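Single-letter residue listing:
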Amino acid sequence: MKKINFAIVFLVVLISTKMIAQCDVKNRVLADGTMLYYFEPSVFYFTKSKSLKINIVTDKEHYFIALQPTPFPPKKEGKKIKKDLIIHLADNKPYKVAHYDTQYRENDSIMQVLYLIDDKDIEAFSKLEALVAEINMEGTEFVRSYKFKLHKNAIIEQLNCFLKKEGEK
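All residue numbers refer to position in the chain's written sequence, counted from 1. Local features in this predicted model are restricted to residues of pLDDT 70 or higher, and side-chain atom pairs are both shown and tallied only at a pLDDT of 80 or more, whereas totals for entire chains, interfaces and linings draw on every residue. Side-chain descriptors were evaluated using all non-hydrogen atoms of the structure, hydrogens and water having been removed beforehand.

1. Some remarks on the overall build of the protein
- Here a strand is any run of E in DSSP of at least two residues, a helix any run of H or I of at least four, and the numbering for each starts at the N terminus. Helix and strand counts for the protein stand at four helices and ten strands.
- Order of helices (α) and strands (β) in the protein, N terminus to C terminus: α-β-β-β-β-β-α-β-β-β-α-β-β-α.
- A simple rule labels every residue: compare its accessible area, found with a 1.4 Å probe on the protein chains alone, to the largest value its type can have, and call it buried under 20%, exposed over 50%, or partly exposed in between. Buried residues in the protein amount to 36% of all 169 residues.
- Residues count as neighbours in contact if any of their non-hydrogen atoms are within 4.5 Å of one another. A sequence separation of at least 24 residues applies to 54% of the contacts in the protein between residues at least 6 apart.
- Method for areas: the Shrake-Rupley scheme with a 1.4 Å probe, in which residue coverage is limited to the protein chains shown. Approximately 10,300 Å² of the protein is accessible, and the part contributed by carbon and sulfur atoms is 58%.

2. A look at the confidence of the model for the protein
- The quantity called pLDDT is the predictor's confidence in a given residue, expressed from 0 to 100. Residues at a pLDDT of 70 or more form 83% of the protein, whose mean pLDDT is 84.
- No element of the protein has a lower mean pLDDT than helix α1 (residues 2-21), which averages 45, and none a higher one than helix α3 (residues 122-125), which averages 96.

3. Re the side chain of Asn 55
- As for its placement among the helices and strands, Asn 55 is situated in strand β4 (residues 51-58).
- From its side chain, Asn 55 meets the backbone oxygen of Phe 39 in a polar contact 2.8 Å long.
- When residues no more than four places from it in sequence are discounted, the contact partners of Asn 55 are Tyr 38, Phe 39, Glu 40, Pro 41, Phe 64, Ile 65, Ala 66, Gln 112 and Gln 158. In protein, a polar contact means a hydrogen-donor-capable atom and an acceptor-capable atom, both N or O and within 3.5 Å, with residues adjacent in sequence counting only if both atoms are side-chain atoms; elsewhere, any N or O pair within 3.5 Å suffices.

4. Observations concerning the layout of surface pockets
- Size it by volume and the second largest pocket reaches roughly 160 Å³.
- What lines the second largest pocket is a set of 13 residues, among which Tyr 38, Glu 40, Pro 41, Gln 68 and Arg 105 lie closest to the centre.
- Sorting the residues of the lining of the second largest pocket by element identifies β4 and β8 (110-116) as the ones contributing at least two each.
- Among the elements that take part in the lining of the second largest pocket, β4 stands out by supplying three residues, more than any other. Residues are said to line a cavity or pocket when one of their atoms sits within 4 Å of a point; the points come from a 1 Å grid over protein atoms alone, cavities being sets where a 1.4 Å probe fits but cannot get out and pockets being open sets with protein on both sides within 12 Å along at least five of seven lines. Grid points are joined across faces, edges and corners, and a volume is the space filled by probe spheres set on the points.

This is how it looks when you write it as structure tokens:
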């Protein structure tokens, strides 16, 4: 009986720590003094030749989807990426997310493209799994399509963490 009780307590602790860890928000200050809040990127797609990490970033006013595609083009070519992102959610509708910025971070070892989520689409992104992302890698190739295989609900979880924290205020 003690083993069963111990197992139940262990599972409750494990589940609760996992739930708390899901809202592990990080922050950084940009050069212009703007504070950004973000999560560690989640791997959505991975093969031997390419991968895609995604996370939600916010300045507490707007919400962005940050993509980190690999391989990524050199800075000169990557700065040409200015087209909007198309994401297909579980309702099988395409959502256009406006290009906001292309950045090379950590001594140019990471390329990150920020896309601004339209306020009218926040509810859909907070409730529906992401299925496919279509990125126009202008200047380097045509549209690169990623059918999500991993962490399809990471956008939902991250966005809901931010929305929940705003609702608590």
